[in-house]
Amino acid sequence: MRRLVIGAVTVLCLVMLLSSSLLAQQRSFTFWSMWNEGEPQQQVLARAIKDFEAQYGVKVDVRWAGREVLSTVRPRLLAGENIDLVDQNAAELYGALVVNNIAGAMNDVLDMVVPGEDKTVREVLKPQSYEGFFKEDGNLYVIPYNLISAGFWYDKDLWNDLGIKPPATWTEFLEVCDVLKANGIDPIAFGLLTEVYRSYFPTEVAVRVLGAGALNAAAGDPAGELFKDPAWVTVGDILYQMSRKGRNLLMQGYEGSVYPAPQTDWVMGLAGMFFCGSWIPVETRPLAGPDFNYGCFIFPAIEGGQGDPTSVRIDPYGFNVLAGAKNADLAKEFVAFFLKEEYCRAWVEETLNMTPRDGIPAPAELADLQAAIERAQSTHTDYDGVHADYPGWYLEVFLPLNAEILLGDITGAEYAKKLSTMTKEFWARQ
Amino acid sequence: MDPRSEMYKNRYKNFILVTTVPVFAFYVAFMIVPIGMSLFYSLFDWAGFTADMDFVGLSNYSSLLFKDEIFRTTIINSLKYVIYGGVLIFAITLLFTYRISNFKSKRLKDFIQMLLFVPNTISPVALGIGWTFLLNPRWGAVNNIIDALGLGAIKRPWLSEEFIFASMMSLLVWIHVGFFLVMFLAAADRIPPSLYESAQLDGASTWKMFTTITVPLVRDIISTSVVMWIIFSFKIFGYIFAFIGGAASDPPVNIRNIAVQLYLTGFGKRTPLYRLGYASGMGIILLLLVVLLTYIAQRLFRTTETLEF
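For every chain, the first residue of its written sequence is number 1, and the numbers climb from 1 along that sequence. By the order in which they are written, chains take letters starting at A while ligands take numbers starting at 1. The predicted nature of this model means local features are confined to residues of pLDDT at least 70 and side-chain atom pairs, given and counted, to a pLDDT of 80 or more, with totals for whole chains, interfaces and linings taken over all residues. Note that water and hydrogens are dropped before the side-chain values are worked out from all heavy atoms of the structure.

Before going further, it helps to examine the sheet that holds strand β6 (residues 186-189) of chain A. Residue and element names in this part refer to chain A. At least two bridges found by DSSP between two strands are what make those strands a pair. Working definition: helices are DSSP H or I runs of at least four residues, strands are E runs of at least two. Numbering for both runs from the N terminus. Pairing is mixed in the open sheet, where four strands are placed in the order β6-β7-β5-β8. Either end of the sheet is taken by a strand with one partner, and the two such strands are β6 and β8 (294-297). Across the sheet, the mean angle from the axis of one strand to that of its neighbour is 30 degrees, orientation sign disregarded. Direction of pairing for strand β5 (residues 150-155) relative to β8: antiparallel, over a ladder of four bridges. When the sheet's bridge partners are listed, tryptophan 153 is paired in β8 with cysteine 296. Set on the sheet, helix α14 (residues 280-288) makes contact with β5, β7 (271-277) and β8; between it and β8 the angle comes to about 145 degrees. For helices, the fitted axis covers only the stretch in contact; all axes are lines through C-alpha atoms, and the angles between them, taken along N-to-C directions, range from 0 to 180 degrees. Contacts: residue pairs with any heavy atoms within 4.5 Å of one another.

A separate point is the pattern of salt bridges. Pairs may arise between side chains of opposite charge once their charged atoms sit close together. Residue and element names in this part refer to chain A. Here, a salt bridge means any side-chain nitrogen of Lys or Arg that lies within 4 Å of a carboxyl oxygen of Asp or Glu. Throughout the structure, instances matching the rule amount to 29 salt bridges over all chains. The closest approach of N and O atoms between glutamate 39 and arginine 67, which form a salt bridge, is 2.5 Å. Of this pair, glutamate 39 sits in the loop between β1 (28-33) and α2 (40-56) while arginine 67 sits in the loop between β2 (59-64) and α3 (69-78), placing them 28 residues apart in sequence. When accessible area is computed with a 1.4 Å probe and restricted to protein chains, residues below 20% of their type maximum are described as buried, those above 50% as exposed, and intermediate ones as partly exposed. For arginine 67, a relative accessible area of 36% puts it in the partly exposed group. Between glutamate 53 and lysine 59 there is a salt bridge, and its shortest N-O distance comes to 3.8 Å. Given a relative accessible area of 41%, lysine 59 falls into the partly exposed group. Several salt bridges share partner residues, and in doing so they unite Arg244, Lys245, Glu255 and Asp409 into one network.

Moving on, we come to empty space enclosed by the protein. Grid points spaced at 1 Å over the protein atoms alone were grouped into cavities, where a 1.4 Å probe fits but cannot get out, and pockets, open sets with protein on both sides within 12 Å along at least five of seven lines, with lining residues defined by an atom within 4 Å of a point. Grid points are joined across faces, edges and corners, and a volume is the space filled by probe spheres set on the points. Under the counting rule described, the total for this entry stands at three cavities of 30 Å³ or more. Of the volumes computed, that of the largest cavity is approximately 50 Å³. Considering the residues around the largest cavity, the lining is formed by Gly256, Ser257, Val258, Tyr259, Pro260 and Ala261 of chain A together with Thr132, Phe133, Asn136, Pro137, Trp139 and Leu159 of chain B.

Now for the packing of aromatic side chains. Side-chain rings of Phe, Tyr and Trp, where Trp is taken by its six-membered ring, are said to pair if the distance between their centres is within 6.5 Å; with planes under 30 degrees apart they count as stacked, over 60 as edge-to-face, and otherwise as tilted. Here the structure, examined in full by the defined rule, presents 77 aromatic pairs over all chains. On the numbers, 5.1 Å between centres and 90 degrees between planes, the contact of tyrosine 145 of chain A with tryptophan 347 of chain A is edge-to-face. Taken together, the residues tyrosine 145 of chain A in strand β4 (residues 143-146) and tryptophan 347 of chain A in helix α16 (residues 341-351) connect sequence positions 202 residues apart. The burial state of tyrosine 145 of chain A is the same as that of tryptophan 347 of chain A; both residues are buried. The side chain of arginine 74 of chain A reaches across the aromatic face of phenylalanine 267 of chain B, ending 4.9 Å from its centre. Above the face of the tyrosine 278 of chain B ring, arginine 275 of chain B is positioned so that its terminal group lies 3.9 Å from the ring centre. Only Lys NZ and Arg CZ are tested; either one counts as a charge over a ring when it is within 6 Å of the ring centre and within 35 degrees of the ring normal.

We now examine the domain arrangement of chain A. Residues and elements named next belong to chain A. For chain A, the domain assignment lists domain 1 (2-141 + 317-371) and domain 2 (150-311 + 382-429). Between the C-alpha centres of domain 1 and domain 2 the distance comes to 34 Å. With 13 residues of domain 1 at the interface, the matching set in domain 2 holds 17 residues. Contact with domain 2 buries surface across domain 1, with Glu365, Asp368 and Leu369 losing the most and accounting together for 51% of the total. In this structure, the connection of domain 1 to domain 2 is made through three salt bridges. In this structure, glutamate 365 and arginine 285 form a salt bridge, with 2.8 Å as the shortest nitrogen-oxygen distance. Source of the domain bounds: an automatic or database domain assignment. Defined here as a combined quantity, buried area equals the accessible surface (1.4 Å probe) lost by two parts on assembly, summed across both.

A separate point is the interface of chain A and chain B. Listed per partner, the contact involves 42 residues of chain A and 39 residues of chain B. Around 3500 Å² of area is buried between chain A and chain B when both sides are counted, 60% of it from carbon and sulfur atoms. Looking only at chain A, the three residues that lose the most surface to chain B are Arg74, Leu78 and Leu193 of chain A, adding up to 20% of its buried area. Contributions of two or more residues to the side of chain A that touches chain B are made by α3, α4 (90-98), α9 (195-198), α13 (261-267), α18 (386-389) and α19 (391-406) of chain A. Among the elements that line the side of chain A that touches chain B, the one with the most residues is α19 of chain A, at six residues. The nonpolar class holds Ala, Val, Leu, Ile, Met, Phe, Trp, Tyr, Cys and Pro. Asp, Glu, Lys and Arg form the charged class, and all remaining residues, Gly among them, are polar. Per-class residue counts for the side of chain A that touches chain B are 21 nonpolar, eleven polar and ten charged.

Residues and elements named next belong to chain B. Where helix α3 (residues 69-101) contacts helix α10 (residues 219-235), the axes come no closer than 9 Å and their chain directions differ by 140 degrees. The angle between α3 and α10 places the two elements in the oblique class. In this structure, the crossing between α3 and α10 has a hand that is right-handed. Mapping the contact onto sequence places Ser78, Leu79, Tyr81, Val82, Gly85, Gly86, Ile89, Phe90 and Leu94 in α3 and Ile222, Ser225, Val226, Trp229, Ile230, Ser233 and Phe234 in α10. Looking at the contact of α3 with α10 residue by residue, the classes come out as eleven nonpolar, five polar and no charged. In these notes the angle categories are as follows: under 35 degrees is roughly parallel, over 145 is roughly antiparallel, 65 to 115 is roughly perpendicular, and the rest is oblique. Each crossing gets its hand from how the near helix is turned against the far one by less than a right angle, where anticlockwise is left-handed and clockwise is right-handed.

With that out of the way, let us pick up the sheet that holds strand β10 (residues 317-321) of chain A. All names here are of chain A. Strand order across the open sheet formed by five strands is β2-β1-β3-β10-β4, with mixed pairing between neighbours. Two strands bound the open sheet, and with one partner strand each, they are β2 and β4. Across the sheet, the axes of successive neighbouring strands diverge by a mean angle of 25 degrees, strand direction being ignored. As paired strands, β4 and β10 are joined by three bridges and run antiparallel to one another.

Quick look at the nonpolar core now. By nonpolar core we mean a set of buried residues, namely Ala, Val, Leu, Ile, Met, Phe, Trp, Tyr and Cys, connected to one another through side-chain atoms within 4.5 Å. Counting 153 residues, the largest nonpolar core has Leu97, Phe201, Trp232, Met273, Phe334, Phe338 and Trp393 of chain A as its most contacted members. Broken down by element, this core gets its largest block of residues, ten residues, from α19 of chain A. Residues lining this core come from more than one domain, with at least three contributed by each of domain 1 (2-141 + 317-371) and domain 2 (150-311 + 382-429) of chain A. If we skip the residues at most four places from it in the chain, phenylalanine 338 of chain A touches Val44, Leu45, Ala48, Tyr145, Phe319, Tyr343, Cys344 and Trp347 of chain A. Counting residues in hydrophobic clusters, the runner-up holds 62 residues, among them Leu135, Leu172, Trp229 and Ala297 of chain B.

Attention now goes to the environment of histidine 387 of chain A. Within the secondary structure, histidine 387 of chain A is located in helix α18. The class for histidine 387 of chain A is buried, based on a relative accessible area of 6%. Residues histidine 387 of chain A and alanine 346 of chain A, spaced 41 residues apart in sequence, show a C-alpha to C-alpha distance of 31 Å. The residues touching histidine 387 of chain A, leaving out its near neighbours within four places in the chain, are Ala91, Asp382 and Tyr394 of chain A together with Arg270, Thr271 and Pro272 of chain B.

On the secondary structure map, valine 33 of chain B appears in helix α1 (residues 3-41). The sequence separation of valine 33 of chain B and glycine 130 of chain B amounts to 97 residues, and the corresponding C-alpha distance is 39 Å.

The next thing to look at is a nonpolar patch on the surface. Residue and element names in this part refer to chain B. Patches in this entry comprise residues that are over 30% relatively accessible and not in a salt bridge; like charges within 9 Å are linked, as are nonpolar side chains (Val, Leu, Ile, Met, Phe, Trp, Tyr) within 5 Å. Here, Shrake-Rupley sampling with a 1.4 Å probe gives the accessible areas, and only protein chains in the shown set may cover a residue. A surface patch of nonpolar side chains, about 510 Å² in accessible area, is lined by Tyr27, Met31, Ile32, Ile35, Leu287 and Val291. Of all elements in the fold, only α1 and α13 (276-300) reach the threshold of two or more residues within the nonpolar patch. Ranked by residue count, the leading element in the nonpolar patch is α1, at four residues. One can find methionine 31 in helix α1.

Among the eleven residues of helix α10 (residues 200-210) of chain A, eleven are classified as buried, and the element is accordingly described as predominantly covered. Every buried residue of α10 of chain A is listed here: Tyr200, Phe201, Pro202, Thr203, Glu204, Val205, Ala206, Val207, Arg208, Val209 and Leu210 of chain A.

This is the structure in C-alpha cells:
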C-alpha cells in the first residue's frame, strides 16, 4: 500500500512538472484593456481573444482594467512587471506612454497581413484613422480599432420640419441658427463647465481659420509669437459671436449647465444641435427613443479661412505594444488579428461605434459622420493634440481663456492677445 | 520584592509589547513610510511610469506655492470648505440640536434625526448628480420653485463658475449637518435632566439653558467634531467629481480642493498630466495644512476643566 501511494505521488509530481514546463513553453502575452467586463466592447474583444488563443495555441493574459487602465498599469510597469499590450484613447496613450518614452512604435503592424485575408493592416484601415498620429520621429504609436469623431448632431425630422439643411459655411450656419431662434429653439446645446466641451469650438474654429496643427504649434511656442497672427483675432471674433454677448447662439443657461444636461436639452428639442463625439447616439438613445432620426455634420467652413474645410476631428481608440514588451511580436499579431473583417463588423453592430476599417458601413446613426470622414482630405486630432502634447498649457491657458471668450467676457482681439501673453508666461514658468 | 508581583510586572510588559508592536509596525508601514516616500518623490520630476527620476530639489514646492495658480486656488478652496463649511454646518447643527433636544416626543426626535441623517447613507455620486439636476438652470427644481413663487428676478445659473462653489457648499452642508447632529444629540442626551430642572426653577429660558448648559457640556463633542470636519473637508473627493457629471469631465477649478487637484495631477484622468513627483509635493502640503488646522482647532477648544456629571 505504502509503495502504491509513493508511486502515485511520484507520477502526479511528474505530470505536474511536465504540464508546467509545457505551459511555460506556450506562447503568451499580457493585455491590459480599458474596457470593463460586461461592456459590449469588452465582449467583442473577449471573443476575438478566445478565437486567437484557439487558432494560435497561445494564451492571452487579459485584464479588464477599465478607463483608468494607464494609471493602473503604471505601478506594475515600475515594479518591472511585463505588460505587452494596452488600449486607450490615442490622446491618452500619447500623453502617458509616448511622452514617457515607454510606448512602442507600431509602424510595422501597418505592414502585417490581416490573418486569413490577403491585405495588410495599412490596406484595410482608413488612412484618416491613423495618419494624423505619426510623431516627428516618423513613428506611429497607435493602431486604431475604434474610430471616434465629432460633429454637430441634429434631429433630422425636426430640421426637415423647419426646412433647414446642414450648413456648409459659417454664413449658412448663422442662417440656420436664426431659423432655430425664430422657432423658439436655442441653436446650440452647450455646457461651459464640462471642460471637454469647452474647448471643442475654439479648436474647431482654429482648425478652420488657420488649419490643423496651428493651435498645437502656437501652444508650443515659448515666445507666444504665433498667437500674434491676426487670424487668431478672427478665431476670437467667431467664438465671441457664439457667446451670450455676441449673437447668443449657445443655449440658455449654458454657463451653468453640466453633463449630461446639454445632450438632454438637445434630445428634448430645447436646442437645435449639439457638438459632440460619435458616442452621442449610444448615450442619448434611451432618452431619445427608437424613432429619433440622428443627423450629423462637421464644423462648417469659415469664409476666408486657410484650413481645409473637409478636415474632420479624429480621436481613435487603439492599441499600443509597449517598448519593453517581452512578447511584442505576439501582441502585434493579435492587433492585426483584431482588425479582421468579422471583428470589425461585430464592433460596429454590437457596440454601435465606427470601425477604422474601410468598407464596413457605420450604424445608421453614424452614417453622416462616416461619410464626412470618407470625404475628408485631411484630419485633425483631439484638441489639435495640445491636450496630449502640452497638458499644462491646456489647463492653465486654453481652458480659462475659452471660458472667458465663450462667456463673452473678452473680445476676439483680447482673446488673441491673452493667448499670446499667457502662453509666454506659461512657458516662462516651466 | 514579591516574586509573584515581579512575574506579573514582566507579563504586563510582555502584554504591552505584544499588543503594541504590531500596531506600531502597521502604523509605520502604512503611514510613516508612505509619508516619507511622498516626501522623497516630491523632490523629483517624475511621471511614475519608469524609474527615471530627475532630482529637482525644492522646485516642486516653489512652483506649487508661488507659480501654480490652479494649486493656489485649490488651497483657498480647501480652506473655504473648512471655514465656511465648518461655520455653516456647526451653526445649523447647533440650532437643530437646540430645537430637537427640546422635543418632548422621543419618536419625533428620532424621526427628524433619521431624516437628517439619510443623506449620509446615499452614495456621493447619486447625491452629487441629483443636486446638479435640482440646480439645472433651465429645468431644475430650484429655479422652477423660484419662478413659481414669483421671484424670477433671483433665478440664477447655480452651477455657473460664479455660483458653483456656493452650490457645492450647500450640498456638503446638507449632508454633514445630519451626521454631526447625531453626535451632538447623543452628547446632549447624556446631560442629567436635573441641571435643566434647576435652571427652569431659576426661571431660565430654553435658549439660556441651551447656551449655558447644553453647549458647554457638549464642548468636548463639538471639539472632536470640528477636528473631524477639518479632516473630512480636506478629503472631500467623490462629491466634487459627481457634481460635474462624474467621468465626463474634470471638475472646474472653482470647486476643486487639494485632494482632487492632487489626483488629477498625479493620475492623469481627462488630461494626461501624470506628474507624480509634483503631486507628491501637493500631498505633503495637504498633510501640513491638516496638521496645522487640527492643532489650531484643538488649541481653540482646549479646556482645563474636566466635565463630570
